[in-house]
Amino acid sequence: MTNYLEKNVTEINKLLREGTIKPLDLVNEAFEKIEKEDLGAFITLNKENAIKKAKELENKEIDNILFGIPIAIKDNIVTKDLRTTAASHMLDDFVPIYDATVVKKIKEKNMIIIGKTNMDEFAMGSTGETSYYGETKNPWDNTKVPGGSSSGSAASVSKRLTMLSLGTDTGGSIRQPSSFCGTVGLKPTYGRVSRYGIISFASSLDQVGPITKNVYENALLLNVIAGSDDMDYTTSDKEVDDYTSLIGKDIKNLKIALPNYYMSDVINEEVKENVLKITKLLEENGAIIEKIDIPYLEYAIPLYQTIALGEASSNLARYDGIRYGYLSKNYSDIDSLYKNSRSEAFGNEVKRRIMIGSYVLSGKNAHIYYEKALKVRNAMKKSFEKVFEKYDFIIGPTNTSYAYDLGTKKDDALKSFYDDLLTIPVNMAGLPAMSIPIGFSKSNLPIGMHIIAPWFEEKNIYRLGSFIEDKLNLDLNPGGEK
Amino acid sequence: MLVPTIGIEVHAELKSKTKAFSNSKNAYDNYPNVNVNEIDLGYPGTLPRINKEVVNMALKAALALNCKINKKMHFDRKNYFYPDLPKGYQITQADTPIGYDGYLEIEVNGNKKKIGIERIHIEEDTCKSIHTMDGTLLNFNRAGVPLIEIVTKPCITSPIEATSYLESLREMLLYLDVSDVKMEEGSMRCEANVSLHEEGTDKLGTKIEIKNIGSISNVAASINYEINRQKDLIENNIEIKEETRRFDDKTSSTILMRVKETGNDYRYFPEPDLPYIYLTDEQIETTRKKLPVLPQELKEKYKNAGMSDVTIKSLINNKTLCMFLENVYDKINPVNGANILTGDVLSYLNKNDVSLNETHLTISKFVELLISLEKNIISSKQAKELIKDLMENDETVNNLINKKGMIQITDESQIKEMINKVLDQNEESIKDYKEGKDRAIKFLMGQIMKESKGKVNPSLASSLLISELNKR
């Protein structure tokens, strides 16, 4: 078997240009590997079309660095004529009639969509276990969770089943699995990437972002998907940067904040040790690191439960079995049609979240919970603004820990929210943030670090990220059977 | 004494080119489910878009209703399950209606009254359910069609006021060119809230909502029925429960649909998929300045010009004729113009079932006709005759007058010659005239018209006849 997918994009681009390999070689390798694996990283494969596309590309001029590169798409991003399920029984037979804006952009660059990756149902979960199609396994240890909700997107890149992938992040769903799987995952600024065609979970928090093997490729993929979109009025008109432009620049005199919230007692010791190694490294190279307090961060979880679940309860109301999706065979009138279709097709986590969300928006609760949450969210955003008046970055661990055993949190609805303790504040404030691998636990599981920057400063995140990546030079390929 | 308090809610479809939150066509016609895209169907992943034309139309209506404007406004989601609601929520404006606290002036029996407008907001329509023997069919052509909802304050006190308000509102929206406002087609829909309370007390009675009222006259009928029904209940000490009723036009009564449950919970919250909309002072003032002349002002103007109530009503009801008149208003005698338009022109249009712009009548031809009439070149009878030709052919008024030999004889010496010729032949009539018999004049005029083949200007001829008679 070939091992092209382990190489980086620049090398592959060179081989393609030289004619040493064809896009079809990459596609064939991807499917060969995927079919051999039992990670559960994919829900639907796009084999026939990917092969067809790869053959078509043989007659086309290689016009960009991502030409012919295989990419996996999280299954809550709609793809025309390619089944899109959001990992829910509800959409088991749903074949979209249009492409998400990000998918259009990827197709314009002649990248090849390999398939749709597994995820937590409707992106609700942080372990990859709530999928209707079964759990995704962590490529570093098949008994561990890969993190979620973009479980398959992170696992497939980590295992080199594809070169790049797209995930979505509402409360940490790109960064958390990236940290558990040893990949680089970026959640862009809210409004930087179009949400048109992203199956909504929480509209005011959702963002699409790249998951890649390294920082440079992450920036390349953001270059493709970023930009305003007149199909999404929440996108920003702000001009798109070349996100690779600051990669390789030094980090001298950069001011970096390390919030105490991110280094508290609830954070795993090994994780903290690894983060402190990095702060030391950065200081040695001229960066200025200061420990600070950021008010309101401690409200992250209740804010999430109110705002994200409130919005979700409304966003998921459209799944009624009438126009598309699952329709119960067992109904006698419109009420039983709704009740039975939704009861039978939504998983427990989704139901739980719809119920909580409906509760916080009901009657007086809207005032007691939802409106108050919006105020606290605003206060949290302001406290970030204050931090960024003084600092270029905030860093800390991506997660409270590294990958844990499959099944650990299955029956603990509340505990799984606490996985997102450190990632949620970023979504609440709409900030860009990346998780990069900075080392391994004693049990050889990847540990991720969070780099948070001011709004629309993604290029600076890549600058700091690539610096750390270069210095560490970690082997991030989980290799063969473990 | 029990007195009624009435509030009215009107939904009017805006006639923007595209739907409220997507770019599919906003049209009522064609086959079912053709003016539909993935946004209207509420497909997973779709997001609403903002339609500036819709915002602008709603702004026009809000300004015409003398409303205050929410310069920073957003949309909200109203959540409920129903098969005609594709997303499971309706995008509407709960917190920040585009306009609030306005009024519309109406006239009842010669008295003017301001009907307070509580709010006007933008929202999207649902799809249309068609119930058949085999089940319910859904037509999504209407899904996402923009609506404005206009809510009055509870300040209407009689069915006749309600009727007058609705007629005035309908005319206003029509003249603003924002809606077709056809109740029979559903582009304007009404709901009335009716309650009774003891006169002199502040506390309003329990409110009954009446839905599905198909015409303005039925609004009055349903309110009337409801007032009497509630009176009976109160006088018999039967408690009135808050309920929704519908009007049944076969029996001219209201029928219970449902008793209101304690506070319908629509779980309103701000629509996170759309940003705030900011209306600038400049935009508001520009729109205000561009507002067309509204029916209320037109009626006043026409009344002062001396038009009859019947003519005014007919003009206002026929907007294209009214706008046509407005275009020529300063160039002609407007009363004559209005009479011809609401008389011969309108009956021609009705008879042939065409609209004015489908005929050959142009503004310049109409002005030419009216000026010919005012200059006595043609008689009003001749003008009537010409109108039909002008509507059917491309010929100018002048050509037609020449062709038909319609030019009137206005040369006095020529007329005098004719008069004397007639007088010479009718000595008896001269005698009759001298003896004070008025009918002699009529007879002689007839003879003069005959002599001139009807071309002599009648009023000129009549005055010349008398002076010639007196000379004899």
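Numbers given for residues are sequential positions, taken from 1 along each chain in its written order. Throughout, the order in which chains and ligands are written sets their labels, letters from A for the former and numbers from 1 for the latter. Only residues with pLDDT of at least 70 get local features here, since the model is predicted, and only at 80 or more are side-chain atom pairs given and counted; chain-wide, interface and lining totals rely on the full set of residues. Side-chain numbers here rest on the full set of heavy atoms in the structure, without hydrogens or water.

**Comments concerning the overall build of chain A**
- Each helix and strand counted, chain A has 15 helices and 11 strands in total.
- Both definitions apply: the radius of gyration is a C-alpha atom measure, and the globule rule equals 2.2 Å times residues to the power 0.38. Taken over C-alpha atoms, the radius of gyration comes to 21 Å for chain A, in line with the 23 Å a tight globule of 482 residues would show.
- Overall, the C-alpha framework of chain A stretches about 65 × 55 × 45 Å when taken along its three principal axes.
- Accessible area for chain A stands at about 17300 Å²; split by element, carbon and sulfur atoms hold 47% of it.
- The average position of the 60 basic charges and that of the 66 acidic charges among the side chains of chain A differ by 2 Å. In this description a helix means any DSSP run of H or I spanning at least four residues, a strand means any run of E spanning at least two, and both kinds are numbered starting from the N terminus. Areas reported here follow the Shrake-Rupley algorithm with a probe of radius 1.4 Å; residue values treat only the protein chains shown as occluding. Charge assignment: positive for Lys and Arg, negative for Asp and Glu; neither His nor the chain ends contribute. Working definition for charges: the position is that of NZ of Lys, CZ of Arg, CG of Asp or CD of Glu.

**Some remarks on the packing of aromatic side chains**
All names here are of chain A.
- In summary, the pairing rule links any two rings of Phe, Tyr or Trp, Trp by its six-membered ring, whose centres are within 6.5 Å, and it sorts them by plane angle into stacked for under 30 degrees, edge-to-face for over 60 and tilted for everything else. Applying the stated rule across the entire model yields 24 aromatic pairs over all chains.
- Each ring, one from Phe180 and one from Tyr404, has its centre 5.8 Å from the other, and the planes form 85 degrees; the classification is edge-to-face. Pair noted here: Phe180 is in helix 6 (residues 175–181) and Tyr404 is in the loop between strand 9 (393–397) and helix 13 (413–418), with a separation of 224 residues, a long-range link.
- Taking the centre distance of 5.9 Å and the plane angle of 45 degrees together, the rings of Tyr359 and Tyr369 count as tilted. Linking Tyr359 in helix 11 (residues 348–361) with Tyr369 in helix 12 (residues 365–390), this pair joins segments that are 10 residues apart in sequence.

**Focus: the pairing of strand 3 (residues 112–117) of chain A**
Residue and element names in this part refer to chain A.
- With 6 of 6 residues buried, strand 3 is to be regarded as a mostly interior element.
- When DSSP finds two or more bridges between a pair of strands, those strands are recorded as paired. Summarising the sheet, strand 1 (residues 42–45) and strand 3 pair through 3 bridges and their orientation is antiparallel. Pairing of Phe42 across the sheet is with Thr117, part of strand 3.
- Of the strand pairs in this sheet, strand 2 (residues 70–74) and strand 3 are connected by 5 bridges, and their pairing is parallel. Paired with Ile73 across the two strands is Lys116, which belongs to strand 3.
- Between the parallel pair strand 2 and strand 3, the chain is carried across by helix 4 (residues 101–108), and the sense of this crossover is right-handed. Note on classification: 1.4 Å probe, protein chains only; a residue is buried when its accessible area is under 20% of the maximum for its type, exposed when over 50%, partly exposed between these limits. A clockwise course of the path from the first strand over the helix to the second, judged with the strands pointing away from the viewer, identifies a crossover as right-handed.

**Describing the environment of Phe456 of chain A**
All names here are of chain A.
- Counting through the fold element by element, Phe456 comes out in the loop between strand 11 (446–452) and helix 15 (458–472).
- Exposure remark for Phe456: the relative accessible area of 15% places this residue in the buried category.
- Expressed as a C-alpha distance, the spacing of Phe456 and Lys372, which sit 84 residues apart in the sequence, is 27 Å.

**Some details on helix 13 (residues 427–434) of chain B**
All names here are of chain B.
- Buried residues of helix 13: Ser429, Ile430 and Asp432, and no others. One face of helix 13 carries all of its buried residues, which in axial projection span an arc of 160 degrees.
- Contacts were defined at the residue level, with two residues in contact if any of their heavy atoms lie within 4.5 Å. Buried residues along helix 13 sit in contact with helix 12 (412–425), helix 14 (439–451) and helix 15 (458–471).
- Just beyond helix 13, the residue with positive phi is Gly436, at close to 90 degrees. In this context, the arc is that of the directions from the helix axis out to the C-beta atoms.

**Side note on the interface of chain A and chain B**
- Of the residues lining the interface, 38 residues belong to chain A; the matching set on chain B comes to 31 residues.
- A quick way to say it: buried area is the sum, across both parts, of accessible area lost when two parts are put together, with a 1.4 Å probe. At the boundary of chain A with chain B, total buried surface from both sides reaches about 3000 Å², with 58% on carbon and sulfur atoms.
- In terms of surface lost to chain B, no three residues of chain A exceed Tyr233, Arg318 and Arg323 of chain A, which account for 24% of the buried area on that side.
- Salt bridge, as used here, is a side-chain nitrogen of Lys or Arg placed within 4 Å of a carboxyl oxygen of Asp or Glu. Taken together, the connections running from chain A to chain B amount to 2 salt bridges.
- Put simply, Arg49 of chain B and Asp230 of chain A hold a salt bridge, and the shortest N to O gap is 3.7 Å.
- For the purposes of these results, a polar contact is taken to be a pair of N or O atoms within 3.5 Å, where, inside protein, one atom must be able to donate a hydrogen and its partner to accept one; residues adjacent in sequence count only when each atom of the pair is a side-chain atom. Put simply, chain A and chain B have 22 residue pairs in polar contact (both at pLDDT 80 or more) between them.
- Among the elements of the structure, helix 9 (300–315), helix 10 (334–345) and helix 11 of chain A are those that each provide at least two residues to the side of chain A that touches chain B.
- Take the side of chain A that touches chain B: its biggest share by element is 5 residues, from helix 9 of chain A.
- For the side of chain A that touches chain B, the per-class residue count stands at 19 nonpolar, 12 polar and 7 charged. When residue character is reported, Ala, Val, Leu, Ile, Met, Phe, Trp, Tyr, Cys and Pro are called nonpolar, Asp, Glu, Lys and Arg charged, and the others, Gly included, polar.

**Here's the deal with the environment of Thr311 of chain B**
- On the secondary structure map, Thr311 of chain B appears in helix 6 (residues 309–317).
- Once the C-alpha coordinates of Thr311 of chain B and Asp389 of chain B are considered, the two residues, 78 residues apart in sequence, prove to be 23 Å apart.

**Side note on the pattern of salt bridges**
- The final tally for this structure, using the stated rule, is 48 salt bridges over all chains.
- Among the ionic pairs, Arg353 of chain A bridges to Glu349 of chain A, the shortest N-O distance being 2.7 Å. Residue Arg353 of chain A and its partner Glu349 of chain A are both found in helix 11; the two are separated by 4 residues, about one turn of the helix.
- According to the relative accessible area criterion, Glu349 of chain A is buried, its value standing at 9%.
- The structure contains a network of salt bridges with shared partners spanning Arg195 and Asp232 of chain A together with Arg77, Glu271 and Asp273 of chain B.

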